[in-house]
Amino acid sequence: MISADAIRGYVDLMVLSLLRSGPSYAYELAQRITAMSGEMYTIKQTTLYSAVKRLETSGFVSSSPGLSPSGKPRTYYQLTESGLSHYALKVAEWQSTKIVVDTFIEGAPQ
């Protein structure tokens, strides 16, 4: 399992990435994060809700009310144009971060 501390700065990127394929609600996002990580990371609901609210406040995600198949209310989140641009910036940042960290891991003396 990956610790919450290790992945904390990338939750927004994961949420934005998933929303590129279309609107989704929090529980579905959480399930997809767990599945796509090969069950190496399970996001806490509070962490996920904090992320979508932060992204919404920043204008990167918008929300709209909807209903579940059982008729219960659900909030759907979708990526905005601004969110898509932010996603591209965060991907570039991640790629640079990965290069730097890999340099230390691969180049560290034994």
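Use the structure listed above.
Residues numbered from 1 in each chain as written. Predicted model: local features only at pLDDT ≥ 70, side-chain atom pairs only at ≥ 80, totals over all residues. Heavy atoms only, no water.

Draft legend 1. Unusual backbone geometry, seen in detail. The phi dihedral of Glu39 is positive, around 65°, even though this residue is not glycine. Classification of Glu39 by relative accessible area gives exposed; the value is 58%. (Buried < 20%, exposed > 50% of the residue type's maximum accessible area, 1.4 Å probe, protein only.)

Draft legend 2. Highlighting the nonpolar core. Of all hydrophobic cores here, the largest spans 22 residues; its most connected members are Val15, Leu16, Leu19, Leu29, Ile43 and Leu48. Listing elements by their share of this core, those giving two or more residues are α2 (11-19), α3 (26-36), α4 (45-57) and β3 (73-79). Per-element accounting of this core gives the leading share, six residues, to α2. Apart from residues lying up to four places away in sequence, Ile43 is in contact with Val11, Ala30, Ile33, Thr34 and Leu48. (Core = buried A, V, L, I, M, F, W, Y, C linked by side-chain atoms within 4.5 Å. Helix = DSSP H or I, 4+ residues; strand = E, 2+ residues; numbered from the N terminus. Contact = heavy atoms within 4.5 Å.)

Draft legend 3. Summary view of the pattern of salt bridges. Counted under the stated rule, the structure contains five salt bridges. When the shortest N-O distance is used, the salt bridge between Glu93 and Lys90 registers 2.8 Å. With a gap of three residues between them, Glu93 and Lys90 both fall in helix α5 (residues 81-107), about one helical turn apart. (Salt bridge = Lys/Arg side-chain N within 4 Å of Asp/Glu carboxyl O.)

Draft legend 4. Geometry of the packing of aromatic side chains. Applying the stated rule across the entire model yields two aromatic pairs. The interplanar angle of 75° and the centroid separation of 4.9 Å between the aromatic rings of Tyr10 and Trp94 together place this pair among those described as edge-to-face. You can see Tyr10 sitting in the loop between α1 (4-7) and α2 and its partner Trp94 sitting in helix α5, a full 84 residues away along the chain. A residue is classified by how much of its surface remains accessible, and Trp94, at 36% relative accessible area, is partly exposed. Plain terms: the ring middles of Tyr25 and Tyr76 are 5.5 Å apart, the flat faces sit at 80° to each other, and that makes the pair edge-to-face. Of the two residues, Tyr25 sits in strand β1 (residues 24-25) while Tyr76 sits in strand β3, which places them 51 residues apart along the sequence. Tyr25 gets classed as buried once you look at its relative accessible area, which sits at 17%. Exposure remark for Tyr76: the relative accessible area of 21% places this residue in the partly exposed category. Between the NZ or CZ atom of Arg74 and the centre of the ring of Tyr25, over which it lies, the distance is 3.6 Å. (Phe/Tyr/Trp six-rings, centres within 6.5 Å; stacked < 30°, edge-to-face > 60°. Lys NZ or Arg CZ within 6 Å of the ring centre and 35° of its normal.)

Draft legend 5. Geometry of the layout of surface pockets. Its volume calculated, the largest pocket comes out at about 440 Å³. Surrounding the largest pocket, Ile2, Ala6, Ile7, Tyr10, Leu13, Met14, Ser17, Leu18, Ile33, Met36, Ser37 and Trp94 form its lining. Within the residue set of the lining of the largest pocket, elements represented by two or more residues are α1, α2 and α3. With four residues, the top contributor of residues to the lining of the largest pocket is α2. (1 Å grid on protein atoms, 1.4 Å probe; cavity = no way out; pocket = protein on both sides within 12 Å on 5 of 7 lines; lining within 4 Å. Points joined across faces, edges and corners; volume = space filled by probe spheres on them.)

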